[in-house]
Amino acid sequence: MNNEKTVSVLNDLLNITNDRIEGFSKVEDKVWENHSALKNDYDQMVSESQNMKSDLIRLINEKGGEADNTTTTAGAVHRAWIDIKNSFTGNKDESTLENVAFGEKAAIKAYEDALESGDLCPESSQVVSDHLHHLRSSYAKFENLEAAK
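Values in this document were obtained by computation on a predicted structure and should not be read as measured data.

**Q** Which residues make up the side chain of His131, and what values go with them?
**A** Here His131 lies in helix α6 (residues 122-148). Here His131 falls in the buried class, since its relative accessible area comes to 3%. In contact with His131, other than residues within four places in its own chain, are Met52, Asp55, Leu56 and Tyr111.

**Q** Account for the packing of aromatic side chains, naming residues and giving values.
**A** Enumeration according to the criterion identifies 1 aromatic pair in this entry. Taken together, a centroid distance of 5.3 Å and an interplanar angle of 80° make the contact between Phe24 and Tyr42 edge-to-face. On the criterion of sequence distance, the pair formed by Phe24 in helix α1 (residues 3-25) and Tyr42 in helix α3 (residues 36-62) is long-range, its members being 18 residues apart. With respect to class, Phe24 is no different from Tyr42; both count as buried.

**Q** An account of the environment of Ser47 is requested, with residue identities and associated values reported.
**A** Here Ser47 is to be found in helix α3. Judged by its relative accessible area of 39%, Ser47 falls in the partly exposed class. Sequence separation between Ser47 and Ile21 is 26 residues, and the spatial gap between their C-alpha atoms is 9.3 Å.

**Q** Let's hear about the pattern of salt bridges: which residues, and what values?
**A** This model, assessed by the stated rule, comprises 6 salt bridges. Of the charged contacts in the structure, one is a salt bridge between Arg58 and Glu62, with a shortest N-O distance of 3.1 Å. Taken as a pair, Arg58 and Glu62 lie in helix α3 at a separation of 4 residues, close to a single helical turn. For Glu123, the salt bridge goes to Arg58, with nearest N and O atoms at 3.3 Å. With Glu123 in helix α6 and Arg58 in helix α3, this pair connects stretches of sequence that are 65 residues apart. One network of salt bridges, with partners in common, ties together Arg58, Glu62 and Glu123.

Reading the values: the criteria
- Residues numbered from 1 in each chain as written.
- Predicted model: local features only at pLDDT ≥ 70, side-chain atom pairs only at ≥ 80, totals over all residues.
- Heavy atoms only, no water.
- Helix = DSSP H or I, 4+ residues; strand = E, 2+ residues; numbered from the N terminus.
- Buried < 20%, exposed > 50% of the residue type's maximum accessible area, 1.4 Å probe, protein only.
- Contact = heavy atoms within 4.5 Å.
- Phe/Tyr/Trp six-rings, centres within 6.5 Å; stacked < 30°, edge-to-face > 60°.
- Salt bridge = Lys/Arg side-chain N within 4 Å of Asp/Glu carboxyl O.

As structure tokens, then:
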């Protein structure tokens, strides 16, 4: 297994995870006044993101790589779009929740692509697979709660 490829894929996932963390910071507290049922699941997603970040950095370091602890350009553009969109829409709550769901779907796709790439060692594949399970689970809860609103 090529450590450089593994480190590259893990760094891509670290960037995506950092995008999630940055995106979560955009959610305003007032959203929870109208959608309190989502708050615990949201808080769990934030906590899991921090744990995922730690796991990825540990794996990158173990493979002799250097963690690229930044976000993606696409994520930055998306967050800027959220800011612009929210400044013009009347219902920021719905828009905010839609953007969280959008970001989660993008993260799931990135993790699926990483697993399908064949560039991960067995240990990294297991950790990424576990992360993907958490992403899918939290997204399913979030999606179901959002649909029920």
